[in-house]
Amino acid sequence: MIDYLRLFRVKHYIKNLFIFTTLIFGAELLTTNTIRVSIGFIAFCLISSTIYIINDIVDYEIDKKTESKMNEPIPSGKIKKKNALILAFILLILSLVVNYFTYSVSSYVYIIVYLLLNIFYSFIGKKIPYVELLIMSCFYLIRVYYGASILNVSVSLVLTLTVIFGSLYIVIMKRITEVKIKKPRHVFTFYNENILKILSKISLVGMFISYVWWLIIEKIVLLIPTLLILLFIFIRYDKLASNSNDCNPVNILLKDKVLVLLSVFYVLFVTIVIEIFL
């Protein structure tokens, strides 16, 4: 059972919280729409696990020779590739079934796009330097658009830019660590650590500019203090990621209590302000 939970990458479900973005910023958290989006969250977690399993099957030959991956369920042989593939198919079907109860036909588009883009990334995309960074940032954006589709609302340009730049920063920081520790993937040989560091800073600045732009457009003066909270969050994350050999952003977040508390405080502050004062 533990091996299957490891295969599902349960702790990575935290990324799927992006699905709640439009629910929170649209002041819908205290409505029945929360139930529908929560169902969507479950459906997306199932499709995410499907993708993780497919990735593990595709990377089998590389992972079984990589010290940090050789003890994972599939590379170690604890779970056979055939059984893993059957499980991935079952999870895919379950995801589509669960998604039905969001009562949103358009949400299926984002699940399918997420699946196909991930498959493209696994076989082709991840071999293309810099393009693979953009593809990975799109995975975060799809989560936001998926949540919006359940609510039948649009995602503004500024929110789109904020998510793209923010997620691009996280992805680039991950690549910097992987290049630094010389992780065995051919595409990493095309990266220069200094160039990646410059791109990470550009992405971070782009995120903050987009976020400020959103506050100005929406005229949400009460959320100005969140700029300071976000600044503390990213300064903390940047320091931890730069000094760590762990390239996994989820691990970096969950292992640091200060980062977790700051993130929770940010979400609570935004939620309270929007629900009560707007």
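Scroll up to find the structure.
Residues numbered from 1 in each chain as written. Predicted model: local features only at pLDDT ≥ 70, side-chain atom pairs only at ≥ 80, totals over all residues. Heavy atoms only, no water.

## Examining the overall build of the protein chain
Note the following rule: In DSSP terms, a helix is any run of H or I states spanning at least four residues, a strand is any run of E spanning at least two, and both are numbered starting from the N terminus. For the radius of gyration, the atoms used are the C-alpha atoms, and the globule rule reads 2.2 Å times the number of residues raised to 0.38. Working definition: with a 1.4 Å probe on protein chains only, accessible area under 20% of the residue-type maximum means buried, over 50% means exposed, and in between means partly exposed.
Counting secondary structure elements, the protein chain contains twelve helices and zero strands. In the protein chain, the succession of helices and strands from N to C terminus is α-α-α-α-α-α-α-α-α-α-α-α. In summary, the protein chain has a C-alpha radius of gyration of 19 Å against a globular reference of 19 Å for 278 residues, a match within 12%. Expressed along its principal axes, the backbone C-alpha trace of the protein chain runs to roughly 55 × 45 × 30 Å. Residue burial in the protein chain is summarised as follows: out of 278 residues, 49% are buried.

## Side note on the nonpolar core
As a rule of thumb, soluble globular proteins bury nonpolar side chains together. Note the following rule: Residues belong to one nonpolar core when they are buried, are Ala, Val, Leu, Ile, Met, Phe, Trp, Tyr or Cys, and are joined through side-chain atoms within 4.5 Å. The contact rule is simple, with two residues in contact once any of their heavy atoms fall within 4.5 Å.
Core analysis: the largest hydrophobic core is formed by 62 residues, its most contacted members being Phe 44, Leu 223, Ile 233 and Phe 234. Among the elements that make up this core, the one with the highest residue count is helix H7 (residues 131-151) (twelve residues). Setting aside residues up to four positions removed in sequence, Phe 234 forms contacts with Tyr 169, Leu 204, Met 207 and Phe 208. Leu 7, Cys 45, Leu 46 and Ile 53 belong to the second-largest nonpolar core, a separate cluster that totals 14 residues.

## Description of a nonpolar patch on the surface
So the rule is basically this: A residue counts toward a patch only above 30% relative accessible area and without a salt bridge, and it is joined to like-charged neighbours within 9 Å or, for Val, Leu, Ile, Met, Phe, Trp and Tyr, to nonpolar neighbours within 5 Å. Here the open area of atoms and residues is found with the Shrake-Rupley method and a 1.4 Å probe, where only the protein chains shown may cover a residue. The term salt bridge refers to a side-chain nitrogen of Lys or Arg lying within 4 Å of a carboxyl oxygen of Asp or Glu.
There is a patch of nonpolar side chains on the surface, built from Ile 86, Phe 89, Ile 90, Ile 93, Leu 94, Val 97, Tyr 100, Phe 101 and Tyr 103 and spanning about 920 Å² of accessible area. The topology assignment puts Ile 90 in helix H5 (residues 81-100).

## Considering helix H12 (residues 257-277)
Inclusion rule: Expected span of a helix: the number of residues minus one, times 1.5 Å.
A rise of 1.5 Å per residue sets the reference length of H12, with its 21 residues, at 30 Å; its end C-alpha atoms lie 29 Å apart and thus fit the reference within 8%. Along H12, the residues classified as buried are Leu 259, Leu 262, Tyr 266, Val 270, Thr 271, Val 273, Ile 274 and Glu 275. Check the buried side of H12 and you find it contacts helix H2 (21-25), helix H9 (193-218), helix H10 (225-242) and helix H11 (249-255).

## Considerations on the environment of Ser 203
What counts is decided by this rule: The term polar contact refers here to a pair of N or O atoms within 3.5 Å; inside protein, the definition further demands a hydrogen-donor-capable atom paired with an acceptor-capable atom, and it admits residues adjacent in sequence only when both atoms are side-chain atoms.
Among the structural elements, Ser 203 can be located in helix H9. Taking the C-alpha atoms as reference points, Ser 203 and Gly 166, separated by 37 residues in sequence, lie 6.6 Å from one another. At 2.9 Å, the side chain of Ser 203 and the backbone oxygen of Leu 199 are in polar contact.

## Notes on the environment of Arg 175
Mapped onto the elements, Arg 175 comes out in helix H8 (residues 157-180). Each C-alpha atom of the pair Arg 175 and Leu 115 lies 22 Å from the other, and the pair is 60 residues apart in sequence. Only 3.1 Å separates the side chain of Arg 175 from the side chain of Tyr 121, close enough to count as a polar contact. Reaching out from Arg 175, the side chain makes a polar contact with the side chain of Glu 178 at a distance of 2.5 Å.

## A look at the packing of H10 against H12
Our working definition: Only the contacting stretch of a helix is used when fitting its axis, a line to C-alpha atoms as for every element, and angles between N-to-C directions run 0 to 180 degrees. Roughly parallel covers angles under 35 degrees, roughly antiparallel covers those over 145, roughly perpendicular covers 65 to 115, and oblique covers all other angles. When the near helix sits turned anticlockwise from the far one by under a right angle, the crossing is termed left-handed; a clockwise turn instead gives a right-handed crossing. By the convention adopted, Pro, Cys, Tyr, Trp, Phe, Met, Ile, Leu, Val and Ala count as nonpolar, Lys, Arg, Asp and Glu as charged, and the other residues, Gly among them, as polar.
At a closest axis distance of 10 Å, the pairing of H10 and H12 adopts a crossing angle of 160 degrees. Relative to H12, the element H10 lies roughly antiparallel. You can see that H10 and H12 cross each other, and the crossing is left-handed. Side by side, H10 and H12 meet where Pro 225, Thr 226, Ile 229, Leu 230, Phe 232, Ile 233, Arg 236, Tyr 237 and Leu 240 of the first sit next to Val 258, Leu 259, Leu 262, Ser 263, Phe 265, Tyr 266, Phe 269 and Val 270 of the second. Of the residues contributing to the contact of H10 with H12, the split by class is 14 nonpolar, two polar and one charged.

## Here's the deal with the environment of Ile 74
Structurally, the position occupied by Ile 74 is in the loop between helix H4 (60-63) and H5. By relative accessible area, Ile 74 is classed as buried at 2%. On a C-alpha basis, the gap between Ile 74 and Leu 7 in space is 7.9 Å, while along the polypeptide they are 67 residues apart. Ignoring sequence-local partners within four residues, the contact set of Ile 74 consists of Leu 7, Ile 53, Asp 56, Ile 57, Tyr 60, Ile 79, Lys 81 and Ala 84.

## Here we look at helix H6 (residues 107-123)
Spelled out, the test is: Each C-beta atom gives one direction from the helix axis, and the arc is the one those directions make.
Over its 17 residues, H6 runs 25 Å from end to end, which matches the ideal 24 Å to within 8%, given 1.5 Å per residue. Those residues of H6 lying buried are Ser 107, Ile 111, Tyr 114, Leu 115, Asn 118, Tyr 121 and Ser 122. In a view along the axis of H6, the buried residues occupy a sector of 130 degrees, so they form one face of it. Taken together, the buried residues of H6 touch helix H3 (33-58), H5, H7 and H8.

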